[in-house]
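The lines below spell out each chain.
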Amino acid sequence: MYTPPSPSGEVSTDGSPVRLGALVPLTRPGWVEAGLHLHAGLELAVREVNDTGGIDGRPLELVVRDTAADPERAAAAVEELAGMGVAAVVGEYHSVVARAAAARADALGVPFLCSSAVLDALTESPTEWVARLPPAQSHGWRIYADFLLGAGRKRVAVASQASVYWASGTRVLREHLAAHGGTVIELDANALSPEALCDALADRGATALLLLVGHPEPAVPVVRAVRRDRRLANLLIGAPAGQPEFAGWAAALGEDGTGIPFLRYLPERLGPLGERVAEQLRDRLGEAPSFVAFEGWDTVAVIAEVLRSHGTGRAAVAASWPRVEVEGTRGPIRFSRAPGIGVWQWVWSPVSVVDRDPAEPGRFRVLHSG
């Protein structure tokens, strides 16, 4: 039977489950493949927590809400979960959606650990209630810009769609490349057909094209058009947001989808914990786990340690961010304040630029590490 939460919003201590809210994009227009990987990581870690005694003998219960990449839906879900008495909320892949969730969590006094969204301005002002695992966009995308410079790609076109996330990424790239003699050419992916986009790339002498767009549309037709245009034979196609990480990309594009560098938040080699979790995630997913699946597992590892060490009260959870230290699948996790970042931040998770090997599309090549 459901027990209503106390007026303070604290989790009960009568032996009932400790509820953990989770926000995941599981339906379109959300990136469902990423959502499934995030969900798999969260679920696997919750099962392991419960197999090892739960939270002081109480089971950890994951209460999942589908955001479908909708900020308003995510904010409403946070409010619903708060009313259910969750100890904290975790998850979300889409940055704009995570920002809405973080704002609502902050307003309600509910701890929120962001699993997989990188937008620097996750909150409008500094807050004690929100922490984040993935690196800030400015950090990761500067590393990507360094990769482009090292590859001699200084005249970089970005095909983008209207979004705070894409606009923020473009600004990071422009500022970093400009400081090293590079140029960013902005092209509207909604206004230009794939063929017109190819004409613009050829006319403006771009040496790289970055896909700051949704997948599969319009990313897939753009890649196909560029690959078939002889004028662009030497053009590097990149996708810093990580679209080529997922099996759906390889299935849609085949060989055309190889050799497209993207940001990946994994070390070059996993340690023993990472390898063990990778094997279990592979069994659960039926395919190789993405970095997003590891982010999900690490999220629950952090929350479980917080709940065991500092209690299940929301204020105690929020106060624990700067004191918690956990061995995650990708290295030791600690939170601190990073300049310009208003939330408690892991500084930083591993960042690398990788692509799918044209000779073996199922294998990833590390091209650059941050």
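One can find the structure itself at the top, above this paragraph.
Treat the numbers as computed from the prediction; the structure is a model and nothing was measured. Starting afresh in each chain, residues are numbered from 1 along the sequence in its written order. In view of the model being predicted, local features appear only for residues whose pLDDT reaches at least 70, and side-chain atom pairs are presented and counted only at 80 or more, with totals across whole chains, interfaces and linings using the full set of residues. In computing side-chain properties, one takes all heavy atoms of the structure into account and sets aside hydrogens as well as water.

A.B. asks: Before we go on, may I ask you to explain the sheet that holds strand β4 (residues 112-114) in this structure?
C.D. replies: Two pairing modes exist for strands in a sheet, parallel and antiparallel, and in both the strands are linked by backbone hydrogen bonds. An order of β2-β1-β3-β4-β5-β13-β12-β11 is seen for the eight strands of this open sheet, with the pairing classed as mixed. Only two strands of the sheet have a single neighbouring strand rather than two, namely β2 (60-66) and β11 (325-328). Across the sheet, the axes of successive neighbouring strands diverge by a mean angle of 25°, strand direction being ignored. Strands pair, by our definition, only if DSSP identifies at least two bridges between them. Where helices and strands are cited, they refer to DSSP runs of H or I of at least four residues and of E of at least two residues respectively, numbered from the N terminus. With two bridges connecting them, strand β12 (residues 331-336) and strand β13 (residues 344-346) associate as antiparallel partners. Bridged to phenylalanine 335 within β13 is tryptophan 346. A fitted line through C-alpha atoms represents every axis, and for helices the fit uses only the stretch in contact; the resulting angles, taken between N-to-C directions, go from 0 to 180 degrees.

A.B. asks: What is the right way to read the pairing of strand β6 (residues 155-160) from this model?
C.D. replies: Consecutive side chains of a regular strand alternate in pointing toward one face of the sheet and then the other. β6 sits mainly inside the fold: five of its six residues count as buried. In this sheet, strand β7 (residues 183-188) lies alongside β6 in parallel orientation, the contact comprising six bridges. Residue pairing in the sheet places arginine 155 in a bridge with threonine 183 of β7. What joins β6 to β7 is helix α5 (residues 164-178), and the crossover it makes is right-handed. Using a 1.4 Å probe on the protein chains alone, a residue whose accessible area is under 20% of its type maximum counts as buried, one over 50% counts as exposed, and one in between counts as partly exposed. The handedness of a crossover follows from its direction of travel: if, with the strands pointing away from the viewer, the path from the first strand over the helix to the second runs clockwise, the crossover is right-handed.

A.B. asks: What am I meant to see in the packing of aromatic side chains here?
C.D. replies: Aromatic rings considered in pairs are described by the distance between their centres and by the relative angle of their planes. Between 30 and 60 degrees the pair is tilted, below 30 it is stacked and above 60 it is edge-to-face, where a pair is any two Phe, Tyr or Trp rings, Trp via its six-membered ring, whose centres lie within 6.5 Å. Within the structure shown, the criterion is met by eight aromatic pairs. Ring centres 5.8 Å apart and planes at 65° place the aromatic pair tyrosine 144 and phenylalanine 147 in the edge-to-face group. Linking tyrosine 144 with phenylalanine 147, this pair stays in helix α4 (residues 137-150), spanning three residues, or about one helical turn. For the pair tyrosine 144 and phenylalanine 147, one class covers both residues: buried. Feature note: the residues Trp31, Tyr93 and Phe246 constitute an aromatic cluster, connected by ring pairs.

A.B. asks: How should I be thinking about the sheet that holds strand β14 (residues 352-357) in this particular structure?
C.D. replies: Taken in spatial order, the three strands of this open sheet run β10-β14-β15, and their pairing is antiparallel. Among the strands making up the open sheet, the edge pair consists of β10 (262-264) and β15 (360-369). Ignoring which end each strand starts from, the neighbouring axes of this sheet average 45° apart. Relative to β15, β14 is paired through six bridges, and the arrangement is antiparallel. Pairing of aspartate 355 across the sheet is with arginine 365, part of β15.

A.B. asks: Quick question: what am I supposed to make of helix α7 (residues 219-227) here?
C.D. replies: Think of an α-helix as turning once every 3.6 residues; residues three or four places apart then point the same way. Those residues of α7 that sit buried are Ala219, Val220, Val222, Val223, Ala225 and Val226. Of the surrounding secondary structure, the elements contacted by the buried residues of α7 are α6 (194-203), β8 (208-212), β9 (236-238) and α8 (247-253). Any pair of residues with heavy atoms lying within 4.5 Å of one another is described as a contacting pair.

A.B. asks: I would appreciate a short explanation of the nonpolar core in the present structure.
C.D. replies: One recurring pattern in soluble globular proteins is that nonpolar side chains are buried together. Judged by nonpolar contacts, the single largest core of 75 residues is most densely connected at Leu60, Leu113, Val302, Trp321 and Phe335. The dominant element in this core, judged by the number of residues it contributes, is helix α10 (residues 291-310), at twelve residues. Residues contacting tryptophan 321, with those up to four places away along its chain left out, are Pro111, Phe112, Leu113, Glu128, Trp129, Val130, Ala131, Val302, Ile303, Val306, Phe335 and Trp344. Among the buried residues, those of types Ala, Val, Leu, Ile, Met, Phe, Trp, Tyr and Cys that are joined through side-chain atoms within 4.5 Å form a nonpolar core. Membership of the second largest hydrophobic core comes to 26 residues, among which are Ala157, Ala200, Leu201 and Ala225.

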